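The chain contents come next:
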Amino acid sequence: MTLYPVADDVLFAPGGRVVIRTYGVASAASTEEDGARPVSYRTWVTGVRDQPRYWRWGHFEDARRGHRRVLEWLTGRGPQPQAVVVS
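Along each chain, the written sequence defines residue order, and numbers are assigned to residues from 1. Where local features are concerned, this predicted model is filtered to residues with pLDDT of at least 70; where side-chain atom pairs are given and counted, the filter is 80 or more; whole-chain, interface and lining totals use all residues. Hydrogen atoms and water are omitted, and side-chain values are computed over all heavy atoms in the structure.

Caption draft 1: How the structure looks around the overall build of the protein. Where helices and strands are cited, they refer to DSSP runs of H or I of at least four residues and of E of at least two residues respectively, numbered from the N terminus. Counting its secondary structure elements, the protein contains 1 helix and 4 strands. In the protein, the succession of α and β elements from N to C terminus is β-β-β-β-α. Accessibility here uses a 1.4 Å probe with only protein chains present; expressed as a share of the type maximum, an area under 20% marks a residue as buried, one over 50% as exposed, and anything in between as partly exposed. Here the protein, with 87 residues, has 26% of them falling under the buried criterion. By definition, residues are in contact when any of their heavy atoms lie within 4.5 Å. For the protein, long-range pairs separated by at least 24 residues make up 37% of all intrachain contacts whose partners lie at least 6 apart in sequence. Reported accessibility uses the Shrake-Rupley method at a 1.4 Å probe radius. Residues are deemed covered only where the shown protein chains occlude them. About 6,000 Å² of surface is accessible on the protein, with carbon and sulfur atoms providing 51% of the total.

See the structure below:
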């Protein structure tokens, strides 16, 4: 498995640290016809009292924009983001 970092952020809240990490994941075992490995992108949020939150994105640009939307949601400047459906 190979990890491709997209963005990392840390917020400091009264209850502790909140870590937002977005990265791409490619499995070493799966390859496409042209030899490229498919990458799936994910955003993990840890440090939120309820539970860790997780979003899945279809492409790098979706992951980059999704990471920003997650930050806006956590800081109260936007609605909770919805993950992009991968087809």
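Still to come is the rest of the account.
Caption draft 2: Layout of the nonpolar core. In plain words, nonpolar cores are sets of buried Ala, Val, Leu, Ile, Met, Phe, Trp, Tyr and Cys residues tied together by side-chain atoms within 4.5 Å. By size, the foremost hydrophobic cluster in this structure holds 10 residues: Val18, Ile20, Tyr41, Val45, Trp55, Trp57, Ala63, Val70, Leu71 and Trp73. Elements with a minimum of two residues in this core: β2 (16-26), β3 (39-46), β4 (53-57) and α1 (60-74). Counting residues per element, this core draws most heavily on α1, which supplies 4 residues. Among all residues touching valine 18, those that are not within four sequence positions of it are Asp9, Val10, Leu11, Val45, Thr46, Gly47, Val48 and Leu74.

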